[in-house]
Amino acid sequence: MNTYARTGRIVVAVSVLLTIAALGGCGSKKGGDDVAATVDGQKIFSADVDKYYQNQTSGSEQQPVGEQATSLRLSILRELIDNEIRMRRAEKLGLLATDEEVDRKLNEIKSPYSKEEFDNRLKEKKISLDDFKRDLRRSLTVEKVLNKEVTSKINVSDQDITDYYNAHKAEFNLIEPQYHLAQIWVTTAPNPQVHNLKNDKAQNEAEARKKIQMITNRLDSGEDFGTLAMNYSEDTETSGNGGDLGFTPESSLRNTDPVTRDTVGRLKAGQYSPVIPVINPMSKQVVGFRIVKLLAREPAGQRELADPRVQQAIRSQLRDRREQLLKAAYYEVLRDQAKVENYLAQKILDSSATK
């Protein structure tokens, strides 16, 4: 996909509910069966790994087994370790999220639900309200650290944009009309990889129908499409950037399902579609529902550097690249400075050696 096609694809850094956070008290003893790892003496308990493992796999029809399950536990533990490292850094910088910030974010997340609905969602995810608030505090804290240590240091100059355009001018020559689309997607079967900001996933077709209608009602009331996508869309690729699908060539649009193709063809820029059921052509079963928004329709031809949209596309692309690079480097530096003992990883290695 060319640079112009990636307009607006800035990934939201932190997913509120599923941000993995380390729980537990202080200590520096060697790990036993109940301790999965330590970070600068801070314990991360095996029970916490199990808790987040259950959280990520709940509702999935096909549960991981064997090496796949072990690999997922290792991945979860790595996130727990990384977040504990970031929390230590936040303490040094004085950037820990305050009670007021946590309560404000909690109320924002709870606002679409009744108390009973919200409590039921916590039960489904097998976490308590205290766990949720603890995760939320760490999520907000990590975001503050990244904003200070990484995001605030990124600068893309006008000269950077000019240089990129001159080196990649062909990328901005559209050989056919393009449709800039965004979507909100709701599936009838929960996907453990979905990490929208509300951690909201329909569990079946009935819930999916109810959820997509709720989203439609809120769109009709004037709420922002991108915000609703980030909060509720179950598209693993686009929920983090407001549902932005980038630019789709006209030829690709012709090859999509007829209902979506015909619906998009009738939209004007800025309009969103009615709810579009998506049918599995083999089973004839409904697999999900989508709402598509046409952000822009672009004719074929060369896009010049003077076009503000070209400049914004390049700026976003360069900024995103630098942000990813700086974050990766920043995390590596923090890991190098921390003393980490991963007992679960060692236990897996020891078990393999005895077979």
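Let me sum up the structure you'll find in this document. (Residues numbered from 1 in each chain as written. Predicted model: local features only at pLDDT ≥ 70, side-chain atom pairs only at ≥ 80, totals over all residues. Heavy atoms only, no water.)

Remarks on the nonpolar core
F118, F132, L136, I184, I215 and L219 are the most contacted members of the largest nonpolar core, which totals 26 residues. If you list the elements that add at least two residues to this core, you get α3 (99-110), α4 (115-124), α5 (129-149), β4 (178-187), α7 (205-220), α8 (225-232) and β7 (286-298). Listed in part, the 23 residues of the second largest apolar core include A69, I76, V142 and V145. (Core = buried A, V, L, I, M, F, W, Y, C linked by side-chain atoms within 4.5 Å. Buried < 20%, exposed > 50% of the residue type's maximum accessible area, 1.4 Å probe, protein only. Helix = DSSP H or I, 4+ residues; strand = E, 2+ residues; numbered from the N terminus.)

Brief notes about the packing of aromatic side chains
Tallied over the entire structure, the rule returns 3 aromatic pairs. Seen in terms of ring centroids, Y165 and F172 are 5.3 Å apart; in terms of plane orientation they differ by 35°. Their pairing is tilted. Residue classification places Y165 among the buried positions, given a relative accessible area of 3%. Judged by relative accessible area, which is 0%, F172 ranks as buried. With a centroid separation of 6.3 Å and 50° between ring planes, the pair formed by Y330 and Y331 is classed as tilted. Each member of the pair Y330 and Y331 is classed as buried. The ring of Y53 carries the charged tip of R73 above its face, separated from the ring centre by 4.0 Å. For the cation-ring pair, R86 lies above Y331, with the distance from its terminal atom to the ring centre recorded as 4.0 Å. (Phe/Tyr/Trp six-rings, centres within 6.5 Å; stacked < 30°, edge-to-face > 60°. Lys NZ or Arg CZ within 6 Å of the ring centre and 35° of its normal.)

Observations concerning the pattern of salt bridges
This structure, assessed with the given rule, holds 29 salt bridges. A salt bridge links D82 to R335, with the nearest nitrogen and oxygen atoms 2.9 Å apart. Of this pair, D82 sits in helix α2 (residues 66-93) while R335 sits in helix α11 (residues 308-337); the two residues are 253 residues apart in sequence, bridging distant segments of the chain. Relative accessible area serves as the criterion here: at 6%, D82 is assigned to the buried category. Across the salt bridge formed by D131 and R134, the nearest N and O atoms sit 3.1 Å from each other. Note that D131 and R134 are positioned in helix α5 at a spacing of 3 residues, about one turn of the helix. Overall, the relative accessible area of 8% leaves D131 in the buried class. Given the relative accessible area of 31%, R134 is considered partly exposed. Salt bridges here are not isolated pairs; linked through shared partners, they connect R78, D82, R86, E332 and R335. (Salt bridge = Lys/Arg side-chain N within 4 Å of Asp/Glu carboxyl O.)

A closer look at unusual backbone geometry
For residues other than glycine, phi is negative in most cases, and the peptide bonds are mostly trans. Even without being glycine, D40 reaches a positive phi, approximately 50°. Within the element layout of this structure, D40 appears in the loop between β1 (35-39) and β2 (42-45). Located in the positive-phi region is K284, a residue other than glycine, with phi close to 65°. Within the secondary structure layout, K284 lies in the loop between β6 (276-279) and β7.

With respect to the packing of helix α6 (residues 158-167) against α11
Between α6 and α11, whose axes approach to 10 Å, the crossing angle comes to 100°. As judged from the angle between their axes, α6 and α11 are roughly perpendicular. Contacts from D158, D160, I161, Y164 and Y165 of α6 reach α11 at V310, Q311, I314, R315, L318, R321 and R322. Partitioned by chemical class, the residues of the contact of α6 with α11 number 6 nonpolar, 1 polar and 5 charged. (Axes fitted to C-alpha atoms, helices over the stretch in contact; angles between N-to-C directions. Parallel < 35°, antiparallel > 145°, perpendicular 65-115°, else oblique. Contact = heavy atoms within 4.5 Å. Nonpolar A, V, L, I, M, F, W, Y, C, P; charged D, E, K, R; others polar.)

Focus on the environment of K211
Along the chain, K211 turns up in helix α7. K211 sits in the buried class, given a relative accessible area of 5%. Along the backbone, K211 and V186 are 25 residues apart, and their C-alpha atoms lie at a distance of 7.6 Å. Only 2.8 Å separates the side chain of K211 from the backbone oxygen of D200, close enough to count as a polar contact. (Polar contact = N/O pair within 3.5 Å; in protein donor to acceptor, adjacent residues only side chain to side chain.)

Quick look at the environment of I212
Relative to the helices and strands, I212 resides in helix α7. Along the sequence, I212 and Y232 sit 20 residues apart, while their C-alpha atoms lie 9.2 Å from each other. Setting aside its immediate chain neighbours within four residues, I212 contacts I184, V186, V275, F289 and I291.

Quick notes on the packing of α3 against α5
Direction vectors running N to C along α3 and α5 enclose 115°, while the axes themselves pass 10 Å from each other. When the interaxial angle is binned, α3 and α5 end up roughly perpendicular. In this structure, α3 meets α5 at a crossing whose hand is right-handed. On α5, the residues touching D99, E101, V102, D103, K105, L106 and I109 of α3 are L129, F132, K133, L136, R137, L140 and K144. Here the residues of the contact of α3 with α5 sort into 7 nonpolar, no polar and 7 charged. (Left-handed = near helix turned anticlockwise from the far one by under 90°.)

Concerning helix α10 (residues 258-266)
Listed as buried for α10 are T260, T263 and V264. End-on, the buried residues of α10 take up no more than an arc of 95°, which puts them together on one face. Structurally, α10 contributes buried residues whose contacts are with β4, α9 (250-254), β6 and β7. (Arc of directions from axis to C-beta.)

Some words on the sheet that holds strand β9 (residues 340-342)
Where strands meet in a sheet, backbone hydrogen bonds hold them as pairs that are either parallel or antiparallel. On the basis of which strands lie adjacent, the open sheet formed by 3 strands has the order β2-β1-β9 and antiparallel pairing. Among the strands making up the open sheet, the edge pair consists of β2 and β9. Geometrically, the sheet is characterised by an average inter-axis angle of 20° between neighbouring strands, direction not taken into account. Sheet topology places β1 next to β2; 4 bridges connect them, and they run antiparallel. Following the sheet pairing, A37 is matched in β2 by I44. Lying over the sheet, helix α1 (residues 46-57) contacts β1 and β2, oriented at roughly 45° with respect to β2. (Pairing = 2+ DSSP bridges.)

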